[in-house]
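Chain by chain, the residues:
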Amino acid sequence: MRRAEQGNETAVVEFIILGFQSIPEVQFILFLMFLVIYITTVLGNLLIMVLVVTDHHLHNPMFFFLGNLSFLETCYTSTILPRMLASFLTNKYVISLSGCFLQYFFFTGLAGAECCLLTVMSYDRYIAICKPLHYTTIMNGRCCLQLAGGSWINGLLASAIVTSLMPQLTFCGPNEIDHFFCDFTPVVKLSCSDTHWIELVTFILASLFTLPPFLLTLISYVYISNTVLRIPSSTGRHKAFSTCSSHLTVVTLFYGTLIVVYLVPKTHTLGDLNKVFSVCYTVLTPLVNPLIYSLRNNNVKKALR
């Protein structure tokens, strides 16, 4: 354990990420599993991006946002899995303070951007189904670029504010992070300075950058559902719903696991399962997104063929 003298205190200069060390007998199996997941995630999302760029049938707002989501998911999973895989191989679980804060910045920024981007995609489906005659006018190229760019900027800006405050904390006690990456709560728990202010700022920013997107997504689907149910023919209802069913599945998976990890009170049982749920939204969600869109979207299946 490396430490540096700071006044009368001993300051921690690096953390040990415990990860899954509590189950050493399955380390090799976990390595193979996460390696296959990472390779599949990257290849699947890259395939979606290539299809969106090269196939002219996919040159519309819905697939423009899907391409953005695939690129985001590739970056998102790459902030965590490569380092975890390296730890499995080398048995070195040490990360510097600056490395930990940098990982937290990218992870949180990309998660926030995904919240905004999923909302933008639900708004796109709302315009397409509820206001089809105005769709091409509203969702023009400039609007799509602004919505996508705004999603990235909002997520990274909120993350930058919190991350800039974290180096002001003092770490002088235990330096073991009981998680497989540098998340906010496990890191802040190790600080021996007052953390109420940074927890308050983080709570406010998290509320501002996640609750409104979540509520707007719900409102969009309420309007979409009302419009779809008023379509007289069952074929028309099925066609209208099929255009947004993939997105709705992704939204449910993403927000469902986030709610369990961050909002459900931490009992002893859920505390033990916290890493499992965290794996779901950091590792499995980026994996299943390209599968969901490629298997449930006829345009993507045609492009693949």
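Model, not experiment: these values are computed from the prediction.

**Let's talk about the confidence of the model for the protein chain**
Line of reasoning, step 1. Here the protein chain averages 84 in pLDDT, while 91% of its residues score no lower than 70.
Line of reasoning, step 2. For the protein chain, the element scoring lowest by mean pLDDT is strand β1 (residues 3-6), at 47; helix α6 (residues 141-165) scores highest, at 93.
Line of reasoning, step 3. When the criterion is pLDDT under 50, residues 1-8 qualifies, and its contacts beyond four places in sequence or with other chains add up to 18 contacts.

**What to know about the environment of A303**
Line of reasoning, step 1. Here A303 lies in helix α11 (residues 298-304).
Line of reasoning, step 2. Between the alpha carbons of A303 and I48 there is a distance of 9.7 Å; along the sequence they are 255 residues apart.
Line of reasoning, step 3. Those residues in contact with A303 that sit more than four places away from it in its chain are L51, D55 and L58.

**Details of the state of the cysteines**
Line of reasoning, step 1. Scanning the entire structure with this criterion turns up 2 disulfides.
Line of reasoning, step 2. Disulfide pairing is shown between C100 and C182; the S-S distance is 2.1 Å. For the disulfide bridge between C100 and C182, the dihedral angle about the S-S bond is near -125 degrees, and by the sign convention the bridge is left-handed. Highlighted residues: C100 in helix α4 (residues 97-130) and C182 in the loop between β5 (176-177) and α7 (184-188), separated in sequence by 82 residues. Of the two residues examined, C100 and C182, each falls in the buried class.

**Structural notes on unusual backbone geometry**
Line of reasoning, step 1. You will see that N91, though not glycine, has its phi angle at about 60 degrees, which is positive.
Line of reasoning, step 2. Here N91 lies in the loop between α3 (81-90) and β4 (94-96).
Line of reasoning, step 3. Look at N91 and you get exposed, because its relative accessible area is 59%.

**What to know about α3**
Line of reasoning, step 1. Taken as a whole, α3 has its buried residues at L81, M84, L85, S87 and F88. The buried residues of α3 occupy an angular sector of 155 degrees when projected down its axis, which confines them to one face.
Line of reasoning, step 2. Downstream of α3 by a residue or two, N91 has a phi angle that is positive, lying close to 60 degrees.

**Some thoughts on the packing of α4 against α6**
Line of reasoning, step 1. Where α4 meets α6, the axes come as close as 7 Å, and the angle between the chain directions of the two elements is 150 degrees. Relative to α6, the crossing made by α4 is right-handed. Contact residues: F101, Y104, F105, T108, G109, L110, G112, A113, C116, L117, V120 and Y123 in α4; L147, S151, W152, N154, G155, L156, S159, A160, V162 and T163 in α6.

**As for the UniProt feature "transmembrane region" (unreviewed entry) in the protein chain**
Line of reasoning, step 1. As recorded in UniProt, the feature "transmembrane region" (unreviewed entry) lies at residues 28-51, 63-81, 101-123, 144-166, 200-224, 245-264 and 276-295.
Line of reasoning, step 2. Between the C-alpha atoms that bound residues 101-123 there is a distance of 33 Å. The span itself is 100% helix and 0% strand.

**Observations concerning the packing of aromatic side chains**
Within a pair of aromatic rings, the relevant descriptors are the distance that separates the centres and the angle that separates the planes.
Line of reasoning, step 1. Enumeration according to the criterion identifies 14 aromatic pairs in this entry.
Line of reasoning, step 2. For the ring pair F105 and F106, a centre distance of 5.0 Å and an interplane angle of 65 degrees mean the geometry is edge-to-face.
Line of reasoning, step 3. Centre to centre, the rings of F214 and Y255 are 4.7 Å apart; their planes meet at 50 degrees, and the pair counts as tilted. Residue F214 is located in helix α8 (residues 196-229), and its partner Y255 is located in helix α9 (residues 234-262); the two are separated by 41 residues in the primary sequence.
Line of reasoning, step 4. Owing to a relative accessible area of 23%, F214 belongs among the partly exposed residues under this scheme.

**Overview of helix α2 (residues 61-78)**
Line of reasoning, step 1. Between the first and last C-alpha of α2 there are 26 Å, a value that for 18 residues agrees with the 26 Å anticipated at 1.5 Å per step.
Line of reasoning, step 2. Extensive coverage of α2 is indicated by the burial of 14 of its 18 residues.
Line of reasoning, step 3. Capping the start of α2, N60 holds a side-chain oxygen 3.2 Å from the backbone nitrogen of M62, two or three residues further along.

**What about the side chain of E73?**
Line of reasoning, step 1. With respect to the helices, strands and loops of the structure, E73 is situated in helix α2.
Line of reasoning, step 2. Take E73: its relative accessible area is 0%, and that puts it in the buried class.
Line of reasoning, step 3. Contact partners of E73, with chain neighbours within four places excluded, come to N45, E114, T285, P286 and N289.

**Quick look at the packing of α2 against α6**
Line of reasoning, step 1. Packing of α2 against α6 brings their axes to within 10 Å, and their N-to-C directions diverge by 20 degrees. Between α2 and α6, the angle falls in the class roughly parallel. Considering the relative orientation of α2 and α6, their crossing is right-handed. Contacts between α2 and α6 pair P61, F64, F65, N68, F71 and L72 from the former with C144, L145, L147, A148 and W152 from the latter.
Line of reasoning, step 2. Of the residues assigned to the contact of α2 with α6, the class counts are 10 nonpolar, 1 polar and no charged.

Calculation notes
Residues numbered from 1 in each chain as written. Predicted model: local features only at pLDDT ≥ 70, side-chain atom pairs only at ≥ 80, totals over all residues. Heavy atoms only, no water. pLDDT = per-residue confidence, 0-100. Helix = DSSP H or I, 4+ residues; strand = E, 2+ residues; numbered from the N terminus. Contact = heavy atoms within 4.5 Å. Disulfide = S-S within 2.5 Å. Buried < 20%, exposed > 50% of the residue type's maximum accessible area, 1.4 Å probe, protein only. Arc of directions from axis to C-beta. Axes fitted to C-alpha atoms, helices over the stretch in contact; angles between N-to-C directions. Left-handed = near helix turned anticlockwise from the far one by under 90°. UniProt positions renumbered as here; feature names shortened; annotations may be inferred. Phe/Tyr/Trp six-rings, centres within 6.5 Å; stacked < 30°, edge-to-face > 60°. Expected span 1.5 Å × (residues − 1). Polar contact = N/O pair within 3.5 Å; in protein donor to acceptor, adjacent residues only side chain to side chain. Parallel < 35°, antiparallel > 145°, perpendicular 65-115°, else oblique. Nonpolar A, V, L, I, M, F, W, Y, C, P; charged D, E, K, R; others polar.

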